[in-house]
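Spelled out, the chains give:
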Amino acid sequence: MKFTGTDKYVATEDLQMAVNAAITLQRPLLIKGEPGTGKTLLAEEIAAALGKRLIPWHIKSTTKAQQGLYEYDAVSRLRDSQLGDEKVKDISNYIIPGKLWEAFESEEQVVLLIDEIDKEGGTGANFIFEWTIKRKSNEPIFESVMISTSGQQGLSFTTQGIRIN
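A. Molecular detail of the overall build of the protein. Secondary structure summary: the protein contains five helices and seven strands in total. In sequence order, the protein lays out its α and β elements as α-β-α-β-α-β-α-β-α-β-β-β. Classification of the 165 residues of the protein by burial places 41% in the buried group. Taking the contacts inside the protein whose residues are at least 6 apart along the sequence as the reference set, 71% of them involve residues at least 24 apart. For the protein, the accessible surface area stands at approximately 10,000 Å², while carbon and sulfur atoms represent 54% of it.

B. Geometry of helix H1 (residues 13-25). For H1, built from 13 residues, the straight-helix expectation of 18 Å at 1.5 Å per residue is met to within 8% by its first-to-last C-alpha distance of 18 Å. Every buried residue belonging to H1 is among Leu15, Val19, Asn20, Ala22 and Ile23, and all of these are buried. Buried residues of H1, viewed axially, fall in a sector of 150 degrees; they line one side. Counted as exposed and oriented over 90 degrees from the buried face of H1: Glu13, Asp14, Met17, Thr24 and Leu25.

C. How the structure looks around the nonpolar core. Counting nine residues, the largest nonpolar core consists of Phe3, Tyr9, Ala11, Leu15, Val19, Ile23, Leu42, Ile46 and Leu50. When residues of this core are assigned to their parent elements, the largest contribution, three residues, is made by H1. Ile59, Leu100, Ala103 and Ile114 belong to the second largest nonpolar core, which has eight residues in total.

D. Representation of the packing of aromatic side chains within the structure. One pass over the full model with this rule turns up one aromatic pair. Between Tyr70 and Trp101, the aromatic rings sit 6.4 Å apart at their centres with planes inclined by 80 degrees, giving edge-to-face as the arrangement. On the criterion of sequence distance, the pair formed by Tyr70 in strand E3 (residues 70-72) and Trp101 in helix H5 (residues 99-105) is long-range, its members being 31 residues apart. Assessed through its relative accessible area of 33%, Tyr70 is described here as partly exposed.

E. Highlighting the environment of Arg77. Of note, Arg77 is situated in helix H4 (residues 74-82). The class of Arg77 is partly exposed, set by a relative accessible area of 22%. As a C-alpha pair, Arg77 and Lys89 span 12 residues in sequence and 9.2 Å in three-dimensional space. Apart from residues lying up to four places away in sequence, Arg77 is in contact with Tyr72, Val88, Lys89, Ile91 and Tyr94.

F. Inspection of helix H2 (residues 39-49) at higher detail. Looking only at H2, the buried set comprises Lys39, Thr40, Leu42, Ala43, Glu45, Ile46 and Ala47. Downstream of H2 by one or two residues, Gly51 has phi in the positive range, about 70 degrees.

G. Spatial organisation of the pairing of strand E5 (residues 110-116). Taken across its seven residues, E5 has seven buried, putting it largely inside the fold. Burial along E5 is two-sided: Val110, Leu112, Ile114 and Glu116 facing one way and Val111, Leu113 and Asp115 facing the other are all buried. Both strand E2 (residues 53-59) and E5 contribute to a ladder of seven bridges, which runs parallel. In the sheet register, His58 faces E5, and the bridge partner there is Asp115.

H. Expanded view of the pattern of salt bridges. A full pass over the atoms with the stated rule returns six salt bridges. The partner of Lys87 in a salt bridge is Asp80, and the shortest N-O contact between them spans 3.8 Å. We classify Asp80 as buried; its relative accessible area is 4%. One salt bridge connects Lys89 with Glu86, and the closest N-O pair in it is separated by 3.0 Å. Assessed through its relative accessible area of 66%, Lys89 is described here as exposed. On the accessibility criterion, Glu86 (53% relative accessible area) is exposed.

The rules behind the values
- Note on numbering: residues in each chain are counted from 1, in written sequence order.
- Predicted model: local features are reported for residues with pLDDT of at least 70 only, side-chain atom pairs are reported and counted for 80 or more only, and whole-chain, interface and lining totals are derived from all residues.
- Note that the side-chain values use all heavy atoms of the structure and ignore hydrogens as well as water.
- A run of DSSP states H or I qualifies as a helix once it reaches four residues; a run of E qualifies as a strand once it reaches two. Both are numbered from the N-terminal end.
- Relative accessibility decides the category of a residue: with a 1.4 Å probe and only protein chains considered, values under 20% of the type maximum give buried, values over 50% give exposed, and everything between is partly exposed.
- Here, two residues are considered to be in contact whenever any of their heavy atoms come within 4.5 Å of each other.
- For the area figures, the Shrake-Rupley method with a 1.4 Å probe applies, and any residue is considered shielded solely by the protein chains shown.
- A helix is expected to reach a length of 1.5 Å times the quantity of its residues less one.
- Within this analysis, the arc is defined by the directions that extend from the helix axis to the C-beta atoms.
- Only buried residues count toward a nonpolar core. Its members are Ala, Val, Leu, Ile, Met, Phe, Trp, Tyr and Cys residues joined through side-chain atoms within 4.5 Å.
- Only the six-membered ring of Trp is used, alongside the rings of Phe and Tyr, when aromatic pairs are assigned; centres must lie within 6.5 Å, and planes under 30 degrees apart are stacked while those over 60 apart are edge-to-face, with the rest tilted.
- Strand pairing is assigned whenever DSSP identifies at least 2 bridges connecting the two strands.
- The salt bridge definition used is simple: a Lys or Arg side-chain nitrogen within 4 Å of an Asp or Glu carboxyl oxygen.

This is the structure:
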């Protein structure tokens, strides 16, 4: 399983080596770049080239990490309890799996793309990484792609950094 680029994505030798090292070592690959430089396309093309299913998780600055695992639908459960529905006794009826849950529960290896959709920056994907940025420096924009073997899952993160004072 080697990534050499695709018809849509011409990967440099250095990028090919980095992606293939991440595959072999089963570790994330962090990629920095300005908006529109192909970070998301890279994750999509890695998944396509390796025959892996891509699970996109589009987040915004208000997204919480826990939403990637699951959400609890308390409103539906309350409604069902008021209506006397028997399914209210089983809480699993009200657990909505998130994209991380979907990726880790998958029988086959997948690539999970976590992509921030609002461009003002914010805290969306920043729940995963913390950094400090010196004043007058460029805001970091990064993507992490993790492809692994033995049934472990691939992860991809795209975000815009925020300035921490």
